[in-house]
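# Descriptive structure summary
Each chain, letter by letter, is given below.
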2 protein chains.
Amino acid sequence: MRLSAKGEYGVRAMISLTLEESGGPVPLRNIAEKEGISEQFLEQIFLELRRAELIKSVRGPRGGYLLARNSAEISIGEIVEALEGPIAPVDCLAQEGSGRNRCEHVRKCLSIDVWIKLRDAVKGLLDGISLADLCFGEKAEKTTAMV
Amino acid sequence: MRLSAKGEYGVRAMISLTLEESGGPVPLRNIAEKEGISEQFLEQIFLELRRAELIKSVRGPRGGYLLARNSAEISIGEIVEALEGPIAPVDCLAQEGSGRNRCEHVRKCLSIDVWIKLRDAVKGLLDGISLADLCFGEKAEKTTAMV
DNA sequence: GATTAACCCTACTAATTCAGTAGACTATAT
DNA sequence: ATATAGTCTACTGAATTAGTAGGGTTAATC
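Anyway, here's the lowdown on the structure attached to this text.

Thresholds, definitions, all that
- Residues numbered from 1 in each chain as written.
- Chains lettered and ligands numbered in written order.
- Predicted model: local features only at pLDDT ≥ 70, side-chain atom pairs only at ≥ 80, totals over all residues.
- Heavy atoms only, no water.
- Helix = DSSP H or I, 4+ residues; strand = E, 2+ residues; numbered from the N terminus.
- Contact = heavy atoms within 4.5 Å.
- Expected span 1.5 Å × (residues − 1).
- Buried < 20%, exposed > 50% of the residue type's maximum accessible area, 1.4 Å probe, protein only.
- Phe/Tyr/Trp six-rings, centres within 6.5 Å; stacked < 30°, edge-to-face > 60°.
- Near = heavy atom within 4 Å.
- Polar contact = N/O pair within 3.5 Å; in protein donor to acceptor, adjacent residues only side chain to side chain.
- Nonpolar A, V, L, I, M, F, W, Y, C, P; charged D, E, K, R; others polar.

Scanning chain A for helices and strands turns up six helices and two strands. In chain A, the succession of α and β elements from N to C terminus is α-α-α-β-β-α-α-α. Within chain A, residue pairs in contact and separated by at least 24 positions form 63% of the contacts whose partners lie at least 6 positions apart.

Laid out in C-alpha cells, this is it:
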C-alpha cells in the first residue's frame, strides 16, 4: 500500500509548479533542482502529466510548464491516477482486470467488499483535496476536522 | 496503491479459516485448494500470520490452523500490516524510515499532510473491519451506510 | 515404534517492476 | 544561427514479487 516514487515525486512537483507558475512557464529544471529529483526522471513524469492534461507545456527558450487548469480544479487523486493507474487495492477492481485474479473463487466475494470500501475511501479523500487546498490554505480547516 | 498477492491471499485465507475453524484445526492444504493458492506460498503467508499471533497451529496428523483470537477481534488491518508492513503511503511515514526520502526537501512538507490523512483513513477503515464482520454479517448494516 | 499427516523453515529462482540514464529529435525566442 | 527548453523511445541495473524446492520437526494412529 505504498506510492511509487513516480506518484510521490509527481505530487511534489505539481505542488512546486503550483507555487511558481504565477511567474510564467516554469522550466522542468527548476522544479527538479528544488525537489531533488533527477531531471530526466521528472521529464517522464511530466510527459505523463501532460498527456493526462493536468499540465501544459511551452516550448523554446523561456518555456516550461504551467498547470492546465486552475489549481483549485486539480485534485491529488487525478495526479496519482495519472501516474499510477486507477486507484484500486486489488487487481480485479482496476477495470482492465486481466491480472492475478478474476473473482473465480467463491470466497473472494467476501473480501471484495473491503476492497471496494477501501478504494472508495481512498479515492474520495484524494479527489477531495486540490492543489490549491495544499498550497493556499486548507478548506478543511473551516470544519475543524478532528485530525 | 495496490495490495501484493501476499496481502490479498492472506485476507482471503483468513476468511476461509474463519468460516471453517469451528470444526477444529484446518489444514493449510484445504485452504490452499479452496482459494486456488499455491500451498507452499500460502505456507509462507501463514508463517508470518502465526508470528504476528493472528493464527495458531496444531502440528501432527489432524493438525492445522486456528484463529489465535475470536474472529471479531481480528481486523483486516492487522492482517494486512502483518503481511505488508506498516500502512503508509510514503516511506517517511513508515517509522523505520530509511528509504527513498526523509523529508529533506522543504516542499515535501506540503505533501506530507495528504499522506498522513490518507494513512489515517486507510488504517481507520481496515482496523474497523473484523473477520467476523465479513463472515458473519456486517455491523455497518445497522447504520445503513450510503454505498 | 513405524508410518504418516501435518506444520516449520531457509534458500533459491524466474519474472516483473521500479528508478533512473542515454541520447537523439523538435520548437521557438533572441 | 544558436541557445534554451520540451518530446520521445529505448535501455539498464537493482529491487521486489510470486512462487519452488527441499529438508526439517511434531504427534496421532495402527
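Turning our eyes to something else, we now look at helix H1 (residues 5–20) of chain A. Its 16 residues give H1 of chain A an end-to-end C-alpha distance of 22 Å, which sits within 8% of 22 Å, the value for a rise of 1.5 Å per residue. Of all 16 residues making up H1 of chain A, 14 are buried, and the element is well covered by its neighbours.

Under the counting rule described, the total for this entry stands at four aromatic pairs over all chains. Judged by centre distance (4.8 Å) and plane angle (90°), the rings of Phe46 of chain A and Tyr65 of chain A are edge-to-face. In this pair, Phe46 of chain A sits in helix H3 (residues 39–51) while Tyr65 of chain A sits in strand E2 (residues 64–67), placing the two residues 19 residues apart along the sequence. The same class applies to Phe46 of chain A and to Tyr65 of chain A, which are both buried. Residues Tyr9 of chain B and Phe41 of chain B carry aromatic rings whose centres are separated by 5.9 Å and whose planes lie at 80° to one another, so their mutual orientation is edge-to-face. Linking Tyr9 of chain B in helix H1 (residues 5–20) with Phe41 of chain B in helix H3 (residues 39–51), this pair joins segments that are 32 residues apart in sequence. Exposure remark for Phe41 of chain B: the relative accessible area of 29% places this residue in the partly exposed category.

Turning to the protein's contact with DNA strand C, a few remarks are in order. In the vicinity of DNA strand C there are 30 residues, among which Gln44 and Arg59 of chain A together with Glu43, Arg50 and Ser57 of chain B approach most closely. Atoms of DNA strand C within 4 Å of the protein: sugar and phosphate make up 61%, bases the balance. Between Gln40 of chain A and DNA strand C, the recorded distance is 2.7 Å, taken from a side-chain N or O atom to a base nitrogen. Every element with two or more residues in the surface near DNA strand C is listed here: H1 and H3 of chain A together with H3, strand E1 (55–58) and strand E2 (64–67) of chain B. Looking at side-chain class alone, the surface near DNA strand C contains eleven nonpolar, ten polar and nine charged residues.

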